[in-house]
Amino acid sequence: MASSKNAYDPKHPPLTNGEKAKFAWYVGRMAKRGIAGEHVYQGDLEKKVDRLLDGARARAEKNAKRK
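Residues numbered from 1 in each chain as written. Predicted model: local features only at pLDDT ≥ 70, side-chain atom pairs only at ≥ 80, totals over all residues. Heavy atoms only, no water.

Undergrad: Describe the overall build of the protein chain, with residues and values.
TA: Helix and strand counts for the protein chain stand at 2 helices and 0 strands. Sorting the 67 residues of the protein chain into buried and exposed places 19% on the buried side. Contacts spanning at least 24 positions in sequence make up 55% of the contacts within the protein chain whose residues lie at least 6 apart. (Helix = DSSP H or I, 4+ residues; strand = E, 2+ residues; numbered from the N terminus. Buried < 20%, exposed > 50% of the residue type's maximum accessible area, 1.4 Å probe, protein only. Contact = heavy atoms within 4.5 Å.)

Now the structure itself:
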């Protein structure tokens, strides 16, 4: 994790409250599917989480360039 709160870390971009809620929802759905079995397809949820994190990274980079 980054040493200061305002430093940009590409592995852990800052999330908005809405993104945090979506992230928690997707992880919960993945956990539920994981309980169903290890051969249950989760690629769609993984893509949604990746897209959410990519958007957060893009926003953080844009904000870092402004400052």
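Back to the text.
Undergrad: Describe helix α1 (residues 17-36), and please don't skip the residues or the numbers.
TA: Here α1 spans 29 Å end to end across 20 residues, near enough to the 28 Å set by a 1.5 Å rise per residue. All of the buried residues along α1 are Glu-19, Tyr-26 and Met-30. Each buried residue of α1 lies within a common arc of 40 degrees when the element is viewed along its axis, so the set occupies one face. In α1, the exposed positions angled more than 90 degrees off the buried face are occupied by Asn-17, Trp-25, Lys-32 and Ile-35. One or two steps after α1, the chain reaches Gly-37, where phi turns positive at roughly 155 degrees. (Expected span 1.5 Å × (residues − 1). Arc of directions from axis to C-beta.)

Undergrad: Please give an account of the side chain of Gln-42 that cites residues and values.
TA: Looking at the element boundaries, Gln-42 is found in the loop between α1 and α2 (43-66). Discounting residues that sit within four places of it in the chain, Gln-42 has contacts with Met-30, Arg-33 and Gly-34.

Undergrad: Let's hear about the nonpolar core: which residues, and what values?
TA: Counting 6 residues, the largest nonpolar core is built from Tyr-26, Met-30, Leu-45, Val-49, Leu-52 and Leu-53. Elements with a minimum of two residues in this core: α1 and α2. Here this core takes 4 residues from α2, the largest share from any one element. Setting aside chain neighbours within four positions, we find Leu-45 in contact with Tyr-26, Arg-29, Met-30 and Arg-33. (Core = buried A, V, L, I, M, F, W, Y, C linked by side-chain atoms within 4.5 Å.)

Undergrad: Now, about the environment of Leu-45: what can you tell me, with residues and values included?
TA: Along the chain, Leu-45 turns up in helix α2. Given a relative accessible area of 0%, Leu-45 falls into the buried group. Between the C-alpha atom of Leu-45 and that of Met-30, which follows or precedes it by 15 residues, the distance is 6.9 Å.

Any functional reading would require information beyond the geometric quantities listed.
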